[in-house]
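One letter stands for each residue in the lines below.
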Amino acid sequence: MSSPRTETPGPELQSPKEAEEPQTPAHSSRQTGSRKEPSGHRVDGTRLGLGTLKQAFSWASQRASTQVSKENAGLLRQSSCSLFRSLRRALDEGPAAGHSRATPEVPSEVMNAVSQQASPGAASEELKPETEGKSVADLITERQLLAALEQLLHLETRLVAEKASRTFEQDPTAFARCAMDVCLHYDGLAAEIGAIVRETLGADGVDAAALAELAHVVRAEEEAHPAPPDDGDFLRTPRRWRQHWEEAVRRSAQERVRQSGTREAEGASGLAQLLVDLGGVVRRDLQKVWQEVQPAYSAAGFPAWEVYLRAFHGAVAQRLQELARDARGCEQLYLLLDWAANVYGSSDFLGTPGLALPTEPLPPLLAPDVWARLESDYTSFLEAKIASCFDRILQLEQSRWAAAEGPEVLQGLYRAPLSTDVHMLVAEHVKAAGAISAELEATTLRICTRALGLFVPRFEKAFLASEAVSDPHLGAYINACEELRTSLLSRYPGTQEELEKPLAAATCSFQKHLLRGLQRDLQPLFRAVWTRGWLAGDWLQPLMDKVVVFAAHLQHVARPRAQETLQEAHRFVVREYLAQALRPRERFRGMERMRSSQKMSLDAQAIGDTFQGLGSEATWLDQAIQCVAEILGETYKDDIQRHLETLIRSYPDISHPPSAPLGEGTPPVLESEEGGGPRTPGEKALSETKGILRPGQEEGGFDPGVCWGDGRTTYRPFWRCAGWAAGGTSISCSTPETC
């Protein structure tokens, strides 16, 4: 609050003679400077009083009322208390002690700066013409800081000398009044320093001359008061204006930073704009400091750049912590982390070549506990967000199923958007987290991996329960799982353990559904085997046509999975053919039996050639039908034994072929279960092989299964059951009536 313009008489510094004379009211400092001093002791042509101080403070308050801070008020109170303690100590001391004190000299910094403006030949004690006759308050008001400091130092020197000579012994209050004037003018000069600092980054531009004079004043005060006096004299105590200047710089930076973000940050877009504004203010102000402020201070050896840099760094850190307390949601938290790590911390943040924020001397922008809390909150929100993203992916796929949209064919393969969506989701979040920190990247990858591991079986169940199941869609999703297993796991090796199992299970499930469709189409055709119609006609062509159509879909499936599925189809055809041949619907004798054996050989050759032409690598299946055909066509026991040895040598373990895709056995089993037992010597010999092949069961072969509706047990392997539900090698038949 500014003081009234009327002036109140104040105490003056007096000589001993003046102390004895009646005191007259003191006029204002401006009038004192314009008239001749009365006779008596003259204090460097300047008379100080409380009225003068009020005038200075009135001017300062009117010019910048907002610049008077609580720190300055505290500084005044501290100066007054210390002054009176110093006064009491001085009155209690003896004369000898007082005469032994040294009086400070005017520092060379002040003398050099003032002498540059003085006319040639002027005495060192005289002021320059434009400052002669002006009070200290007037000089401070006009921001002639060096001249004001010079007068204050002369007043301080003279007052300390008179105190040492016990001049004020008869009138201690006179010393108190004079000392109070000096101290308050020192504080007024310090307040003006703070005002200059606060105006430096304003819209009016940088006053380089004022900044240079400010630096000289601070250096001069440090030279005049290098260390606290031993006797605790307040007048000669260091004013610590350098610390006061640094504090003013910090307050100025805080005001500038706070003004840039006064509006409320509504949502992620509002926070993003607020951070953009904050970065712009900090960048412009630091560029101004580097280009204009720093050169003005450098002449006096002031480290202005380092002080301003630390001040703005602290102000930005404080502002970010305030924003972090109010941040809500994954987007806002990420914006703060990203701005701190990648925008503010980038080498080109200041936009000036060769000028960057040093990372070593400055403390972290956000305290470690604040940073850890932000990352923790971000990952918590991220888990929910990624789960919702996978839900959205499932909804998009379901909408395509409802619209009966078929998969695209890209580069010869069925293509579903599922793989692309998952790749983009994982890569986007992992990359964004990696831009902040390696720890956050690893955490985000774990979150994405866990969410994907839960999503895959849920997606599989939803698709198989829908009406969109078809060979193209199954092939597309087999390809999608294969892409995720190869590219995603190779890009992020740490996900191997958690994703390998669900992806492999989903791929196997889709392959089985492909095969079940083929089995449903082929099953009725096998009923013609070993009938007179089969013997007379070409029943195999329709079956092979369906196999070719099925294989055409496999051409658009990824090579490893397509080969596995094709081999399974090959195995199914051979298995069902043998099952029908060993369980004949009609009896053949004589020439019909020989013709049926030849027919089986021709069918075996056609089936083998067809699957080889389609690309099947299951060559171990080629001789199965041929061997059985030769056995069924033989009538001599020795020839039958020879064929049996060949069969057993080719298939030592009939339940586990050399290569069994999808983990299922492939025994070309050779047992007839038609009522009445074997019909031919060949069939009888095949029945006798059961005792030979049974040891393979104990060494890891198939287990017997309950397959008959009446509960009878058979050693027939599980592949003979039409309603098999494989689980290892043991099954429980779900359709005994069809066995």
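What you see as residue numbers is a count from 1 along each chain, following the sequence as written. Given that this is a predicted model, residues contribute local features only at a pLDDT of at least 70 and side-chain atom pairs are listed and counted only at 80 or more, while totals for whole chains, interfaces and linings are drawn from all residues. Water and hydrogen atoms were dropped before computing side-chain values, which therefore reflect all heavy atoms in the structure.

**Topic: the overall build of the protein**
For step 1, the next point in the chain: Counting its regular elements, the protein contains 27 helices and four strands.
For step 2, the next point in the chain: For the protein, the proportion of its 739 residues judged to be buried stands at 50%.
For step 3, the next point in the chain: In this description, contact between two residues means that some pair of their heavy atoms is separated by no more than 4.5 Å. Across the protein, every contact between residues at least 6 apart in sequence was considered, and the portion connecting residues at least 24 apart equals 75%. Elements are defined by DSSP. Helices are runs of H or I of four residues or more, strands are runs of E of two residues or more, and each kind is numbered from the N terminus. Note on classification: 1.4 Å probe, protein chains only; a residue is buried when its accessible area is under 20% of the maximum for its type, exposed when over 50%, partly exposed between these limits.

**Section: the packing of aromatic side chains**
For step 1, the next point in the chain: Ring pairs are drawn from Phe, Tyr and Trp, using the six-membered ring of Trp, whenever the two centres fall within 6.5 Å, and their geometry is named by plane angle: stacked under 30 degrees, edge-to-face over 60, tilted for the rest. Under the definition given, this model contains 24 aromatic pairs.
For step 2, the next point in the chain: Centre to centre, the rings of Tyr297 and Phe302 are 5.8 Å apart; their planes meet at 10°, and the pair counts as stacked.
For step 3, the next point in the chain: Judged by its relative accessible area of 2%, Phe302 falls in the buried class.
For step 4, the next point in the chain: Taken together, Phe390, Trp401, Phe455, Phe459, Phe463, Tyr477 and Phe510 form an aromatic cluster joined through their ring pairs.

**A short note on unusual backbone geometry**
For step 1, the next point in the chain: One non-glycine residue, Arg240, lies in positive phi territory at about 55°.
For step 2, the next point in the chain: With a phi close to 55°, Gln411 is a non-glycine residue in the positive phi region.
For step 3, the next point in the chain: Here Gln411 shows up in the loop between β1 (408-410) and β2 (413-415).

**Focus: the environment of Leu578**
For step 1, the next point in the chain: Turning to its location among the elements, Leu578 is positioned in helix α22 (residues 559-581).
For step 2, the next point in the chain: Judged by relative accessible area, which is 0%, Leu578 ranks as buried.
For step 3, the next point in the chain: A C-alpha to C-alpha distance of 8.4 Å links Leu578 and Ala624, two positions 46 residues apart in sequence.

**Describing the confidence of the model for the protein**
For step 1, the next point in the chain: Residue-level confidence of the predictor, termed pLDDT, takes values from 0 up to 100. Mean pLDDT over the protein stands at 74; residues scoring 70 or higher make up 68%.
For step 2, the next point in the chain: Scored below 50 in pLDDT, residues 108-129 shows 24 contacts in the model against residues more than four places distant or in partner chains.
For step 3, the next point in the chain: Throughout residues 654-685 the model reports pLDDT below 50, and contacts reaching past four residues in sequence, or to other chains, amount to 80 contacts.

**Description of the environment of Ala562**
For step 1, the next point in the chain: Its location among the elements puts Ala562 in helix α22.
For step 2, the next point in the chain: The buried category is assigned to Ala562, whose relative accessible area is 9%.
For step 3, the next point in the chain: For the pair formed by Ala562 and Ala551, sequence separation is 11 residues and the distance between their alpha carbons is 8.6 Å.

**Considering the pattern of salt bridges**
For step 1, the next point in the chain: Salt bridges are identified by distance alone: a Lys or Arg side-chain nitrogen within 4 Å of an Asp or Glu carboxyl oxygen. Considering all chains together, one arrives at 27 salt bridges under this definition.
For step 2, the next point in the chain: Note that Arg143 and Glu192 form a salt bridge whose closest N and O atoms lie 2.5 Å from each other. Here Arg143, found in the loop between α7 (136-141) and α8 (145-164), pairs with Glu192, found in helix α9 (residues 172-200); they are 49 residues apart in sequence, far enough to count as distant.
For step 3, the next point in the chain: Of the charged contacts, one joins Glu397 and Arg400 as a salt bridge, the two residues approaching to 2.9 Å between their closest N and O atoms. With a gap of three residues between them, Glu397 and Arg400 both fall in helix α15 (residues 368-402), about one helical turn apart.

**Considering the packing of helix α10 (residues 208-224) against helix α11 (residues 241-260)**
For step 1, the next point in the chain: Running from amino to carboxyl end, α10 crosses α11 at an angle of 145°, the nearest separation of the two axes being 9 Å. Residues Leu214, Val217, Val218, Arg219, Glu221 and Glu222 of α10 form the contact with α11, whose own contacting residues are Trp241, Arg242 and Trp245. Axis lines are fitted through C-alpha atoms, for helices just across the contact stretch, and the angle between N-to-C directions can take any value from 0 to 180 degrees.

**What to know about α10**
For step 1, the next point in the chain: In this model α10 runs 24 Å from its N-terminal to its C-terminal C-alpha over 17 residues, within 8% of the 24 Å that 1.5 Å per residue would give.
For step 2, the next point in the chain: Taken together, the buried positions of α10 are Ala210, Leu211, Glu213, Leu214, Ala215, Val217, Val218, Ala220, Glu221 and Ala224. Residue count minus one, scaled by 1.5 Å, sets the expected span of a helix.

**Describing the nonpolar core**
For step 1, the next point in the chain: Of all hydrophobic cores here, the largest spans 169 residues; its most connected members are Tyr297, Leu320, Val573 and Met600.
For step 2, the next point in the chain: Element by element, the count of residues in this core is highest for helix α13 (residues 304-326), at 13 residues.
For step 3, the next point in the chain: Apart from the residues within four sequence positions on either side, Val573 is in contact with Leu522, Phe526, Leu543, Met544, Val547, Ile607 and Phe611. Residues enter a nonpolar core if they are buried and are Ala, Val, Leu, Ile, Met, Phe, Trp, Tyr or Cys, with the set joined through side-chain atoms within 4.5 Å.

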